[in-house]
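Here is what each chain is made of, one letter per residue.
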Amino acid sequence: QVQLVESGGGLVQSGGSLRLSCVASGIIFSIDAMGWYRQAPGNERELVATITSGGSTTYVDSVKGRFTISRDNAKNTVTLRMNSLKPEDTAVYYCNARARPTWSISNYDYWGQGTQVTVSS
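Residues numbered from 1 in each chain as written. Predicted model: local features only at pLDDT ≥ 70, side-chain atom pairs only at ≥ 80, totals over all residues. Heavy atoms only, no water.

Novice: Explain the packing of aromatic side chains to me, please; I cannot follow it from the model alone.
Specialist: The geometry of an aromatic ring pair is captured by two quantities: the separation of the ring centres and the angle between the planes. Under the definition given, this model contains two aromatic pairs. A centroid spacing of 5.0 Å and a plane angle of 70 degrees characterise the contact between Tyr 37 and Trp 111, whose relative ring orientation is edge-to-face. Taken together, the positions of Tyr 37 in strand E4 (residues 28-39) and Trp 111 in strand E10 (residues 108-111) put the pair 74 residues apart, joining distant regions of the chain. The partly exposed category is assigned to Tyr 37, whose relative accessible area is 21%. For Trp 111, a relative accessible area of 37% corresponds to the partly exposed category. Relative to Tyr 108, the ring of Trp 103 has its centre 5.6 Å away and its plane inclined at 35 degrees; by these criteria the two rings are tilted. Residue class for Tyr 108 comes out partly exposed when judged on its relative accessible area of 33%. The cationic tip of Arg 45 hangs over the ring face of Trp 111; the distance from NZ or CZ to the ring centre is 4.7 Å. The cationic tip of Arg 100 hangs over the ring face of Phe 29; the distance from NZ or CZ to the ring centre is 4.0 Å. (Phe/Tyr/Trp six-rings, centres within 6.5 Å; stacked < 30°, edge-to-face > 60°. Helix = DSSP H or I, 4+ residues; strand = E, 2+ residues; numbered from the N terminus. Buried < 20%, exposed > 50% of the residue type's maximum accessible area, 1.4 Å probe, protein only. Lys NZ or Arg CZ within 6 Å of the ring centre and 35° of its normal.)

Written out as structure tokens, the structure is:
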């Protein structure tokens with residue numbers, strides 16, 4: 001199987017910064033896209049940012065200019081740097097990877113357990 005482990009969440013004041021990291025491990029043949037999603041209480045899970053194996057990135061409009069996603073393909077890691085945080089960024093953040101395990105020719109979506117980010121006003 002493929003496991004994703006996140007780290008870096010916490011409590012920060014409005015305007016502050018946090019960095020989230022996620023490492024994928026297991027019987028991985030390849031990883032296509034990696035990304036971060038978030039879910040606030042009462043809301044659906046939403047895409048925050050994604051990055052392909054080639055380095056192409058996408059962001060939800062609300063974080064453009066404040067968040068930066070990056071990855072290290074050799075280490076199977078993805079990082080989300082979050083600056084100028086706002087209270088509305090408060091949510092559980094989930095790492096996602098679209099990966100092909102060694103036993104399959106197909107890609108599957110894998111998820112981390114989530115890490116809480118709380119931004120106080």
